[in-house]
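Structural characterization, general
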Amino acid sequence: GGSGGGGGGSSFREGEKVEARYRGKARFYPGKIRRVNRDDTYDVDYDDGEKEMGVKAELIKSLESSGNGGGGGGGGGTLREGDKVEARYRGGARFFPGKIRRENRDGTYDINYDDGEREM
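Source: prediction; values computed, not measured. (Residues numbered from 1 in each chain as written. Predicted model: local features only at pLDDT ≥ 70, side-chain atom pairs only at ≥ 80, totals over all residues. Heavy atoms only, no water.)

This part is about unusual backbone geometry. For Arg-23, which is not glycine, the phi dihedral falls at a positive 55°. Tracing the backbone through its elements, the reader meets Arg-23 in the loop between strand E1 (17-20) and strand E2 (29-36). Taking the relative accessible area as the measure of exposure, Arg-23 reaches 62% and is therefore exposed. Although it is not a glycine, Asp-40 sits at a positive phi angle of roughly 65°. Within the fold, Asp-40 resides in the loop between E2 and strand E3 (41-46). (Helix = DSSP H or I, 4+ residues; strand = E, 2+ residues; numbered from the N terminus. Buried < 20%, exposed > 50% of the residue type's maximum accessible area, 1.4 Å probe, protein only.)

Here you go:
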C-alpha cells in the first residue's frame, strides 16, 4: 500500500493561532485557521476581522509553540540566532521586522529590530 506521509509537513489545524500573509503581501497578520481545505490550503479569520480563503501553507506560520514535549517530529518552528523574524515589540499589537540575536534558555529570544531597537 504505502500512501507515504504528507508533503512539507506544514499542516495547521482548525482553531490554531497563526500569522498569515494577507493576500500574499510581505507582512504577516495574526489570525486563526477557520478551515482546513482538501487542496492543502486554509481559510483564515484575521484578528482585525478580515477573512481570507484558500491561503497556501507557505504564507502561514503558527504562533503556537509545540514545546509540550510530545514525540512528533519537526514542527519546523524552531528559531535560531540570525533568523529573520517579525516580533511584537514589547508585546504590542504590531509586528516589526528584526533578527534573533540570542536564544535564551527559557525559550525566549533577544531580538535586534531593523529600526535599531532591541528587546531582551
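With antiparallel pairing, the four strands of this open sheet are ordered in space as E6-E7-E8-E9. What marks the edges here is a single partner per strand, and that holds for strand E6 (84-88) and strand E9 (118-119). Note that strand E7 (residues 95-103) and strand E8 (residues 109-113) share five bridges and pair antiparallel. Note on E8: the bridge partner recorded for Lys-99 is Asn-112. (Pairing = 2+ DSSP bridges.)

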